[in-house]
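Residue-level structural notes
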Amino acid sequence: MKAMNRMLCPLTFEEASQEAKWRKAMEDEINAIDRNKTWKFTTLPKGHKAIGVKWVFKTKRNAQGEVEKHKARCPYEHALYVKNNPQGDVLFVCLYVDDLIFTSNNPSMIDEFKQSMVKEFDMTDMGLMAYFLGIEVKQGSNEIFISQSKYAAEILKKFAIEDCQLVDIPVECGTKLTKKGAGKPVNPTYYKSLVGCLRYLTCTRHDLLFGVGLVSRYMENPRTSHLQAAKRILKYVKVTSSYGLFYPSSQNLELAGSDRLAVIVKVRGGIVGFSSLNPNLADP
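Residues numbered from 1 in each chain as written. Predicted model: local features only at pLDDT ≥ 70, side-chain atom pairs only at ≥ 80, totals over all residues. Heavy atoms only, no water.

As annotated in an unreviewed UniProt entry, the chain carries the name Reverse transcriptase Ty1/copia-type domain-containing protein and comes from Escallonia herrerae.

As structure tokens, then:
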């Protein structure tokens, strides 16, 4: 598993320094920090320890998932900022390391924000968001569709589920998992990595929420039965890797409840209902 991660991006400075493309990426980052005057030298207060900085290496991908740029970053804080004006317009700005995504219900606020940022920092306008942190975004005039098909393909390859028996539901009917489990103990690190990948996949795959929540309960002492349940979810992902979330443009969108839309799950004697908001399936 570690070898697969290293094939995608270096995990340490030592690994990155062995390749020219990553050395250049680090040089570009240092130059940008110096040019933007992000940091300044100061005296460390007596009795305090300096906070270390760890390099983070990642690739920038386009809408097709192809690598466009190699990036090396010294992490900054990630945050969400909101700006309102007296007219009721709002601007949302999300910062992750050095990537910015922003949107507003007023195009002039977007233009004003872009102009101010370009004046202050050395930035590149990438246009409409197409790929961000493993999430693919397809924007049309009347809809937005987000998915993680490429990320799904990567984890299927990572856990060797590319050639397997396919299933049409993520959790087999009647599945009962317990803390003791059945079968032999399995590698906890391997199990946590698999479940962690599945958890991130639920960003756009709400149909996986119940199954992933189920296998997430057994991180400490996973056994064969728990691993089989987790891998079954992966087999389902292989069949449905193109699934995602569809947001239509509508002025009359209402939250509607329906027995046909709900999955009822009984947990510890109680009833928990999970429903999906889909205006195309809502009751008339």
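Strands belonging to one sheet form pairs held by backbone hydrogen bonds; the direction of such a pair is parallel or antiparallel. Spatially, four strands are ordered S6-S7-S8-S9 in an open sheet, and the strand pairing comes out antiparallel. Every other strand in the sheet has two partners, leaving strand S6 (131–132) and strand S9 (244–248) as the edge strands with one partner each. (Pairing = 2+ DSSP bridges. Helix = DSSP H or I, 4+ residues; strand = E, 2+ residues; numbered from the N terminus.)

Before going further, it helps to examine helix H4 (residues 107–120). It helps to recall that an α-helix has 3.6 residues per turn; residues three or four apart then point in one direction. Here H4 contains 14 residues, and its C-alpha end-to-end distance of 20 Å stays within 8% of the 20 Å for a straight helix at 1.5 Å per residue. For H4, every residue scored as buried is listed here: Met109, Phe113 and Met117. Buried residues of H4, seen end-on, are gathered within an arc of 60 degrees and therefore sit on one face of the element. Exposed and facing more than 90 degrees away from the buried side of H4 are Pro107, Gln115, Val118 and Lys119. Those residues of H4 hidden inside the fold are in contact with strand S3 (79–84), strand S4 (90–96) and strand S5 (99–104). (Expected span 1.5 Å × (residues − 1). Buried < 20%, exposed > 50% of the residue type's maximum accessible area, 1.4 Å probe, protein only. Arc of directions from axis to C-beta. Contact = heavy atoms within 4.5 Å.)

What follows covers the sheet that holds S5. In space, the three strands of this open sheet follow the order S3-S4-S5, with antiparallel pairing throughout. Each having just a single partner strand, S3 and S5 make up the two edges of the open sheet. Averaged over neighbouring strand pairs, the angle between their axes works out to 15 degrees when direction is ignored. With six bridges connecting them, S4 and S5 associate as antiparallel partners. Considered in S5, the bridge of Phe92 is made with Thr103. Contacting S3, S4 and S5, H4 crosses the sheet at an angle of about 155 degrees to S5. (Axes fitted to C-alpha atoms, helices over the stretch in contact; angles between N-to-C directions.)

In terms of strand pairing, S6 meets strand S7 (residues 135–139) through two bridges, oriented antiparallel. In the strand pairing of S7, Phe132 is matched with Ile135. Counted between consecutive antiparallel strands, the loop separating S6 from S7 contains two residues, among which Leu133 sits at a positive phi close to 50 degrees. For S7 and strand S8 (residues 143–147), the ladder comprises four bridges, and the chain directions are antiparallel. Among the inter-strand pairings, Glu136 is bridged to a residue of S8, identified as Ser147. Taken together, S7 and the strand that follows it, S8, pair antiparallel across an intervening segment of three residues.

With that settled, the discussion passes to the pattern of salt bridges. Tallied over the full model, the rule gives four salt bridges. A salt bridge links Glu19 to Lys21; the nearest nitrogen and oxygen atoms lie 3.6 Å apart. Lys21 sits in the partly exposed class, given a relative accessible area of 40%. (Salt bridge = Lys/Arg side-chain N within 4 Å of Asp/Glu carboxyl O.)

Tallying each qualifying case throughout the model produces four aromatic pairs. A centroid spacing of 5.8 Å and a plane angle of 75 degrees characterise the contact between Trp22 and Phe57, whose relative ring orientation is edge-to-face. Placement of the pair is Trp22 in helix H3 (residues 20–36) and Phe57 in strand S1 (residues 56–61), with a sequence separation of 35 residues. (Phe/Tyr/Trp six-rings, centres within 6.5 Å; stacked < 30°, edge-to-face > 60°.)

A few words now on the nonpolar core. By size, the foremost hydrophobic cluster in this structure holds 27 residues, and its most contacted members are Tyr191, Val215 and Leu234. Of all the secondary-structure elements, those providing two or more residues to this core are helix H5 (149–158), helix H6 (188–201), helix H7 (209–215) and helix H8 (224–239). For Val215, the contacting residues outside a window of four places in its chain are Leu177, Tyr191, Val195, His226, Ala229, Ala230 and Ile233. Of all hydrophobic cores here, the second largest spans eight residues; its members include Cys9, Ala25, Trp55 and Ala72. (Core = buried A, V, L, I, M, F, W, Y, C linked by side-chain atoms within 4.5 Å.)

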